[in-house]
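Residue strings, one per chain:
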Amino acid sequence: MNKSKSLVQLIEVPKIFDDCSLIFAQAKKHIPFEIRRVFWIADADTGLPRGFHAHKTNRQILFCLRGSIQIIVDNGKIREEVVLDKPNVGIFFNNMIWHEMLKFQKNTVLLVLNSHPYDPKDYIRKYQQFLKLVNK
Ligand code: T46
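Just so it is clear, the structure is predicted and the values come from calculations on it, not from any experiment.

## A few points about the nonpolar core
And then number 1: Grouped together as the largest cluster of nonpolar side chains are 18 residues, with contacts concentrated most on L62, I71, V73, L84, I91 and L110.
And then number 2: The set of elements that each furnish at least two residues to this core consists of β6 (60–66), β7 (69–74), β8 (79–84), β9 (89–93) and β11 (109–114).
And then number 3: Counting residues per element, this core draws most heavily on β7, which supplies three residues.
And then number 4: Core analysis: the second largest hydrophobic core is formed by eight residues, V13, I31, I61 and L113 among them.

Right under this line is the structure:
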């Protein structure tokens, strides 16, 4: 597959090995938006898929700090999946990208950087509605 057309946009940030592994991300250099909100997910039910929505405006980067998850991204035409399991490799979700998070390994910790504050009206939670909006 042509990599430049891939929906999966991974962002690798520096990881310093010293007496621990220290990972950092710098505004502008690594994060392609101003961070207005951060949330993290831990203690997720390993059998419970999450996500199943797209954001109208919010853009995000997910880092799996511990454990692993499978992620599905979908733009209404192409659907791809990737496993996120390295704490220094995040996945970028542009707005209007449908995403699903599956197979949370036990003890997974997910950090999510967001371009916008929380707004329930920013969510498109019905796949058919998402398809209509992206394909019009
Ligand atoms: C996303 C994926 C990756 C808030 O009140 N504030 C917040 O900032 C967030 C993120 C959530 N909430 C409330 C809304 C719901 O009552 O927390 C509850 C669970 O949220 P949700 O069902 O949307 O959780 P996920 O894991 O399906 O989705 C979350 C984010 O909401 C979403 O933006 O892209 O993680």
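Still more to cover.
## Thoughts on unusual backbone geometry
And then number 1: Here the phi dihedral of F52 falls at roughly 60°; this positive angle occurs in a residue that is not glycine.
And then number 2: Mapped onto the elements of the fold, F52 is located in strand β5 (residues 50–55).
And then number 3: A positive phi angle, near 70°, is found at N107, a position not held by glycine.
And then number 4: One can find N107 in the loop between β10 (98–102) and β11.
And then number 5: On the basis of relative accessible area, N107 is assigned to the exposed category, the value being 51%.

## Topic: the side chain of D122
And then number 1: As for its position among the elements, D122 is in the loop between β11 and β12 (123–124).
And then number 2: In this structure, D122 is buried with no salt-bridge partner, the nearest side chain bearing the opposite charge being R37 at 6.3 Å.
And then number 3: In this structure the side chain of D122 is engaged in a polar contact, spanning 2.8 Å, whose partner is the side chain of T57.
And then number 4: In this view, D122 contacts A54, H55, K56, T57 and N58; residues no more than four positions away in its chain are not counted.

How each quantity is defined
- Residues numbered from 1 in each chain as written.
- Predicted model: local features only at pLDDT ≥ 70, side-chain atom pairs only at ≥ 80, totals over all residues.
- Heavy atoms only, no water.
- Core = buried A, V, L, I, M, F, W, Y, C linked by side-chain atoms within 4.5 Å.
- Buried < 20%, exposed > 50% of the residue type's maximum accessible area, 1.4 Å probe, protein only.
- Helix = DSSP H or I, 4+ residues; strand = E, 2+ residues; numbered from the N terminus.
- Lys, Arg positive; Asp, Glu negative; His and termini not counted.
- Salt bridge = Lys/Arg side-chain N within 4 Å of Asp/Glu carboxyl O.
- Polar contact = N/O pair within 3.5 Å; in protein donor to acceptor, adjacent residues only side chain to side chain.
- Contact = heavy atoms within 4.5 Å.

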